[in-house]
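Descriptive analysis of the structure
Chain residues, written in single-letter form:
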Amino acid sequence: MLAGTTESFARLSIDTAIDIPAPAEVVWDVLADIEAYPEWNPYHVRVDGVLEIGEKLAVHVVKPNGTALTVHPHLMEFDRGKSLVWGGGPAGIFRGVHRFDLETLSPACTRLRHTEIFSGLFIQFAELDAIEHGYVLMNRALRDRVAAVHGTGENC
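These remarks concern the structure in this document. (Residues numbered from 1 in each chain as written. Predicted model: local features only at pLDDT ≥ 70, side-chain atom pairs only at ≥ 80, totals over all residues. Heavy atoms only, no water.)

Of the voids in this model, the largest pocket is the one considered here, and its volume is about 420 Å³. Lining the largest pocket are 26 residues, and of these L69, V71, F94, E116 and F118 lie nearest its centre. Mapped by element, the contributors of at least two residues to the lining of the largest pocket are strand 4 (58–62), strand 5 (68–71), strand 7 (83–88), strand 8 (95–106), strand 9 (109–119) and helix 3 (131–150). Of the residues belonging to the lining of the largest pocket, the class tally is 14 nonpolar, eight polar and four charged. (1 Å grid on protein atoms, 1.4 Å probe; cavity = no way out; pocket = protein on both sides within 12 Å on 5 of 7 lines; lining within 4 Å. Points joined across faces, edges and corners; volume = space filled by probe spheres on them. Helix = DSSP H or I, 4+ residues; strand = E, 2+ residues; numbered from the N terminus. Nonpolar A, V, L, I, M, F, W, Y, C, P; charged D, E, K, R; others polar.)

Our focus in this paragraph is the sheet that holds strand 4. The three strands are arranged 3-4-5 in an open sheet whose pairing can be described as antiparallel. In this open sheet, the two edge strands, each paired with only one partner strand, are strand 3 (44–48) and strand 5. Across the sheet, the axes of successive neighbouring strands diverge by a mean angle of 15°, strand direction being ignored. Judged from the four bridges that link them, strand 3 and strand 4 form a sheet pairing that is antiparallel. Following the sheet pairing, V47 is matched in strand 4 by V59. (Pairing = 2+ DSSP bridges. Axes fitted to C-alpha atoms, helices over the stretch in contact; angles between N-to-C directions.)

Direction vectors running N to C along helix 1 (residues 24–31) and helix 3 enclose 110°, while the axes themselves pass 10 Å from each other. In terms of orientation, helix 1 lies roughly perpendicular with respect to helix 3. Contacts between helix 1 and helix 3 involve V26, V27, V30 and L31 from the former and M138, L142, R145, V146 and H150 from the latter. For the contact of helix 1 with helix 3, a count of residues per class yields seven nonpolar, one polar and one charged. (Parallel < 35°, antiparallel > 145°, perpendicular 65-115°, else oblique. Contact = heavy atoms within 4.5 Å.)

On the surface, I93, L121, F122 and F125 cluster together into a nonpolar patch covering about 420 Å² of accessible area. Tracing the sequence through the fold places F125 in the loop between strand 9 and helix 3. (Patch = residues over 30% accessible without salt bridge, like charges linked within 9 Å, V, L, I, M, F, W, Y side chains within 5 Å. Areas by Shrake-Rupley, 256 points an atom, 1.4 Å probe, with all protein chains shown as cover. Salt bridge = Lys/Arg side-chain N within 4 Å of Asp/Glu carboxyl O.)

Here we come to the pattern of salt bridges. Going through the model one piece at a time under the given rule, you end up with seven salt bridges. Residue E77 pairs with R99 through a salt bridge whose shortest N-O separation is 3.4 Å. Of this pair, E77 sits in strand 6 (residues 74–79) while R99 sits in strand 8, and the two are 22 residues apart along the sequence. The class of R99 is partly exposed, set by a relative accessible area of 25%. Residues participating in the shared-partner salt-bridge network are E77, R99 and D101. (Buried < 20%, exposed > 50% of the residue type's maximum accessible area, 1.4 Å probe, protein only.)

Take a look at the structure:
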């Protein structure tokens, strides 16, 4: 499992990853089923909206430190079985781009790269310190959900 945060004056990059013992299309089916997030996702506890490019979403987040908030990004990328990306905010001020990218490692193993890049002058004032841990928890919950729903193996 990979996790790391890189920070500079006007940029914060969060990069996490987990290997999931299932084919990419199986992982995708769970990841893209936003209506089921309340059943398993400890970080993005609910996502309202339609997964169509340009559509506005309401992403309800509960950080590991207990802070709850709702953000309203738009869907930027939806490449079935490969990537799901949402984001928004004024460039130069405070912008976030949140990515879920799937990489096939073998027919029975998929790597989820779960990342976000925040940029803009106001990122230094935002409460972003609990996000990386939240992504790690969500990654593990996704792996466990895939195993529970699809009966996949234990290791890649």
